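Report on the structure
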Amino acid sequence: QVQLAESGGGLVQPGGSLRLSCAASGNIFSLNVMNWYRQAPGTQRELVASITRDGVTNYADSVKGRFTISRDNAMNTVYLQMDSLKPEDTAVYYCNADGTSKIYTRKITFNSWGQGTQVTVSS
């Protein structure tokens, strides 16, 4: 079983910055793509940014140029640096990862979600 734990959310004024972290723990043989999603009240969860194990990144158009995703493979951790925050960035941010666990000689794929961390952008 693999657990994801997010941290770093909070209240920030428009134009401010926050850095989210997500640490993966448990039976991890390999972590592949790691993602950040967000969900505002009354909306569907949307993909904000993703990063492959090799560091290839992808961003939603709404955050390009303002958010930066990165990862530390040795620490099984993914980060989301959020700059120039806007009120419309207010949401619960979720970490997601897919990878492989190993039980004896058997490899099992997983897709795990964190509990989410609230980000509120308001003056």
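Scroll up a little and you will see the structure.
I will try to describe carefully the structure that is included in this document. Treat the numbers as computed from the prediction; the structure is a model and nothing was measured. (Residues numbered from 1 in each chain as written. Predicted model: local features only at pLDDT ≥ 70, side-chain atom pairs only at ≥ 80, totals over all residues. Heavy atoms only, no water.)

**A look at the pairing of strand E7 (residues 67-72)**
Judged by which residues are buried, E7 turns out to be one-sided: Phe67, Ile69 and Arg71 face inward and are buried, whereas Thr68, Ser70 and Asp72, on the alternate face, are not. Note: E7 against strand E8 (residues 77-82), six bridges, orientation antiparallel. For Thr68, the partnering residue across the bridge sits in E8 and is Gln81. Counted between consecutive antiparallel strands, the loop separating E7 from E8 contains four residues, among which Asn76 sits at a positive phi close to 50°. (Buried < 20%, exposed > 50% of the residue type's maximum accessible area, 1.4 Å probe, protein only. Helix = DSSP H or I, 4+ residues; strand = E, 2+ residues; numbered from the N terminus. Pairing = 2+ DSSP bridges.)

**Focus: the side chain of Arg38**
Summarising the element assignment, Arg38 is placed in strand E4 (residues 30-39). Residue classification places Arg38 among the buried residues on the basis of a relative accessible area of 6%. Here the side chain of Arg38 touches Glu46 through a polar contact of 2.7 Å, side chain to side chain. Side-chain polar atoms of Arg38 contact the side chain of Tyr93, separated by 2.9 Å. Contact partners of Arg38, with chain neighbours within four places excluded, come to Gln44, Arg45, Glu46, Val48, Ser62, Val63, Phe67, Glu88, Asp89, Ala91, Val92 and Tyr93. (Polar contact = N/O pair within 3.5 Å; in protein donor to acceptor, adjacent residues only side chain to side chain. Contact = heavy atoms within 4.5 Å.)

Purely spatial values, then, with no claim about function.
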